[in-house]
Amino acid sequence: MKKTVDILIIGGGAAGLGAALGAVEAGAKEILLVDRKNRLGGILTQCVHSGFGLKVFGEELTGPEFASRLARKLAETPVEVWLNAFVLSISPAKEALISSRDGLYQVSAKTIIYATGCLERTPGMIQLPGTRPSGVLTAGLAQLYLNEYGYLPGKKAFILGSGDIGLIMARRLSLEGAKVLGVAEIMPYSNGLVRNKVQCLDDFGIPLYLSHTVSRVYGNHHLEAIDLVKVDEEGKIIQGTEEHIECDLLLLSVGLLPNVGILKNAGARIGESKGAAVDGSLMTSLPGVFSAGNSLHVHDLADEAYLEGIEAGKAAVNCLKGVPEHRTMTPLSHNENIGYLVPSYYDESYLGDLLIKFRCRRPKEKCVIMVIADGEIIKTINKISMLPSEMEIIRIPKKLLKNNLKTIEVILEDRL
Amino acid sequence: MKLQTTCIICPRGCRLTVEDDLTVSGNSCPRGERYGRQEATDPRRSVSSTIRIDSTLVKMCPVHTSAPFPKAKIPALMEAIKPLSAKAPVHMGEAVCQNLLGTGIDLLISEDIER
Ligand SMILES: Cc1cc2nc3c(=O)[nH]c(=O)nc-3n(C[C@H](O)[C@H](O)[C@H](O)COP(=O)(O)OP(=O)(O)OC[C@H]3O[C@@H](n4cnc5c(N)ncnc54)[C@H](O)[C@@H]3O)c2cc1C
Ligand code: SF4
């Protein structure tokens, strides 16, 4: 079956919902939003805790409330929503193959917004030593089991990685009656928000082992135990520090990766955030194809994913009049104190301000951020402290950016 | 006794010190002051969980307390909500249970689940 639309949005999470609402606001009429799940909201529906919406709604909401608020807004628009529909592939000509309940569809779109969220790093990806029994799973998967299926995957749990999902799950498991024995973090600092450490670990007396990792997993059919070890400054295991811990559940909260498979297969270039390389309008290297949310780079806050979606939605509408023929693509670069930066390019034909988002590589106190265009400092921001777990966003007004720029550099340095 | 704690009201996570006379320092905004005082006298936490639901879409329905709940009573709260269940359609903000354990705090539905 065939169908033609102006804008196709892949993914109905915070970013996809933002994209749809942004596109409607900018005047688009024929919008199709597709999600493989049976309801809107993406990852939000399994994040039953509160901590969402401060920036967008000015109040603290649970994940499902944030999702339902956006879904209610969407219901007032003419956006067509297909649920239980899986996008199999897209092409540079912006044709998408979609498997839905009524069969296979070929959808031709003028623009596509790709907002498929992220994937969790697995035991294989971190080369976790030992066996692969049941009971070793990613924290987000455990969250899905517990919060959406009502299934408690273990009674005595250990958590590897201090990312927010791991911390949130430590509390959730404790509330449901499981014993959480500890959280190990290989870095000398916690990767989650301070407030999550306080309310998810300290409140339940759960120890956080910094500079520690799991050196071995035991159990043939089901997880029986793990070895917890100390690591040195370089992250190498210190022999003789092993502590044997019996447990039936090991959760991994060791990072997220943008879900880019479909975009990559279509030939889109990948950036250093591991999501698509985009320009300032969030357009990928495929003209007319945009990306936003966790599939572009991992966001700590759903609010930011949503706002980025809105930007992508507006930019996509702008592009309906015609894809820019010539894209300038001035590269953005950064120094070693910055982990990654989005966007990868600046295209001067886009009329909006340039939003630069990045994370520092290590925690920093008293530092300065400078944006340098062709050797000239165009923006300076002083910061009291910065953490890798908190994304930094700087807005460069369009008027500060000259035409024909060769380079834009973002520098993060200690302040003397 | 002097209390050292971390404000959990917003992601900034200010380090607070609450003196015996309940003066608070270290906060960056008035909400932190209120939190510090509350934490020193009657600590409370927002609680989110799930209850069973009769629905064609989902098995569990997310719920949360209408206000931060007295910390010491949270284990009892978790027991009290275990037997609860809902039937679709439900909408966010609807109360599943009122005046939980006599606190005046209600248990609210977090998500619109239509069928
Ligand atoms: C455990 C956890 C705790 C968090 N805590 C907080 C918090 O306290 N506060 C906060 O602000 N943020 C928090 N976040 C972050 C926030 O939830 C996310 O950044 C945000 O919701 C991501 O939105 P998204 O739209 O990019 O991705 P997602 O919500 O993942 O949406 C992607 C959607 O795309 C769909 N999809 C993917 N591939 C396809 C395909 N091929 N075809 C069709 N559909 C597809 C998926 O089904 C999904 O619905 C948390 C995240 C997690 C995981
Ligand atoms: S004191 Fe204010 S700024 Fe600091 S964490 Fe609390 S609410 Fe946030």
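Residues numbered from 1 in each chain as written. Chains lettered and ligands numbered in written order. Predicted model: local features only at pLDDT ≥ 70, side-chain atom pairs only at ≥ 80, totals over all residues. Heavy atoms only, no water.

A. Fine view of the overall build of chain B. When you go through chain B residue by residue, the secondary structure sums to two helices and 10 strands. Listing every helix and strand of chain B by position from the N terminus yields β-β-β-α-β-β-β-β-α-β-β-β. Its C-alpha atoms give chain B a radius of gyration of 17 Å, clearly above 13 Å, the size a compact globule of 115 residues would have. Within chain B, the proportion of its 115 residues that are buried is 43%. Sequence-distant contacts, at least 24 apart, represent 44% of the contacts inside chain B between residues at least 6 apart. Of the roughly 5,900 Å² of accessible surface on chain B, 52% is carried by carbon and sulfur atoms. If the 15 positive side-chain charges of chain B are averaged to one point and the 13 negative ones to another, these points end up 4 Å apart. (Helix = DSSP H or I, 4+ residues; strand = E, 2+ residues; numbered from the N terminus. Rg over C-alpha atoms; globule rule 2.2 N^0.38 Å. Buried < 20%, exposed > 50% of the residue type's maximum accessible area, 1.4 Å probe, protein only. Contact = heavy atoms within 4.5 Å. Areas by Shrake-Rupley, 256 points an atom, 1.4 Å probe, with all protein chains shown as cover. Lys, Arg positive; Asp, Glu negative; His and termini not counted. Charge placed at Lys NZ, Arg CZ, Asp CG, Glu CD.)

B. Seen up close, the site of ligand 2. Taken together, the residues surrounding ligand 2 are Cys-7, Ile-9, Cys-10, Arg-12, Gly-13, Cys-14, Asn-27, Ser-28, Cys-29, Arg-31 and Gly-32 of chain B. Partitioning the shell around ligand 2 into residue classes produces five nonpolar, four polar and two charged. (Near = heavy atom within 4 Å. Nonpolar A, V, L, I, M, F, W, Y, C, P; charged D, E, K, R; others polar.)

C. Examining the sheet that holds strand β26 (residues 392–396) of chain A more closely. Residues and elements named next belong to chain A. Judged by pairing direction, the sheet is antiparallel, and its three strands sit side by side in the order β21-β23-β26 without closing on themselves. Looking at the sheet topology across the chains shown, the edges are occupied by β21 (338–342) and β26. Ignoring which end each strand starts from, the neighbouring axes of this sheet average 25° apart. Pairing geometry for strand β23 (residues 354–360) and β26, over five bridges, is antiparallel. Bridging from a neighbouring strand, Lys-357 pairs with Ile-393 of β26. (Pairing = 2+ DSSP bridges. Axes fitted to C-alpha atoms, helices over the stretch in contact; angles between N-to-C directions.)

D. Here's a closer look at the packing of aromatic side chains. Applying the stated criterion to the full structure yields six aromatic pairs over all chains. Its guanidinium or amino end placed over the ring of Phe-57 of chain A, Arg-69 of chain A lies 4.9 Å from that ring's centre, counting from NZ or CZ. (Phe/Tyr/Trp six-rings, centres within 6.5 Å; stacked < 30°, edge-to-face > 60°. Lys NZ or Arg CZ within 6 Å of the ring centre and 35° of its normal.)

E. Quick peek at the domain arrangement of chain A. All names here are of chain A. Its domain assignment divides chain A into domain 1 (1–120 + 256–321), domain 2 (122–254) and domain 3 (329–416). For domain 1 versus domain 2, the distance between C-alpha centres works out to 31 Å. Across the contact, 12 residues belong to domain 1 and 16 residues belong to domain 2. Together, Gln-46, His-49 and Glu-120 form the three largest contributors to the area buried by domain 1 at its contact with domain 2, with a combined 58%. Our enumeration of links across domain 1 and domain 2 arrives at two salt bridges. Residue Arg-39 is joined to Glu-148 by a salt bridge in which the shortest nitrogen-to-oxygen separation is 3.4 Å. Where domain 1 meets domain 2, there are 11 residue pairs in polar contact (both at pLDDT 80 or more). Among the residues forming the side of domain 1 that touches domain 2, the class breakdown is four nonpolar, four polar and four charged. (Domains from an automatic or database assignment. Buried area = accessible area lost by both parts, 1.4 Å probe. Salt bridge = Lys/Arg side-chain N within 4 Å of Asp/Glu carboxyl O. Polar contact = N/O pair within 3.5 Å; in protein donor to acceptor, adjacent residues only side chain to side chain.)

F. Highlighting the sheet that holds strand β10 (residues 136–138) of chain A. All names here are of chain A. With parallel pairing, the five strands of this open sheet are ordered in space as β10-β17-β11-β12-β13. For this open sheet the edge positions go to β10 and β13 (208–210), each flanked by a neighbour on one side alone. Shown here is a sheet whose adjacent strand axes are inclined to one another by a mean of 20°, direction ignored. In the sheet, strand β11 (residues 156–160) pairs with strand β17 (residues 249–252) via four bridges, with the strands oriented parallel. In the strand pairing of β17, Leu-160 is matched with Leu-252. Across the sheet, helix α4 (residues 139–149) touches β10 and β17, and the angle it forms with β10 is around 90°.

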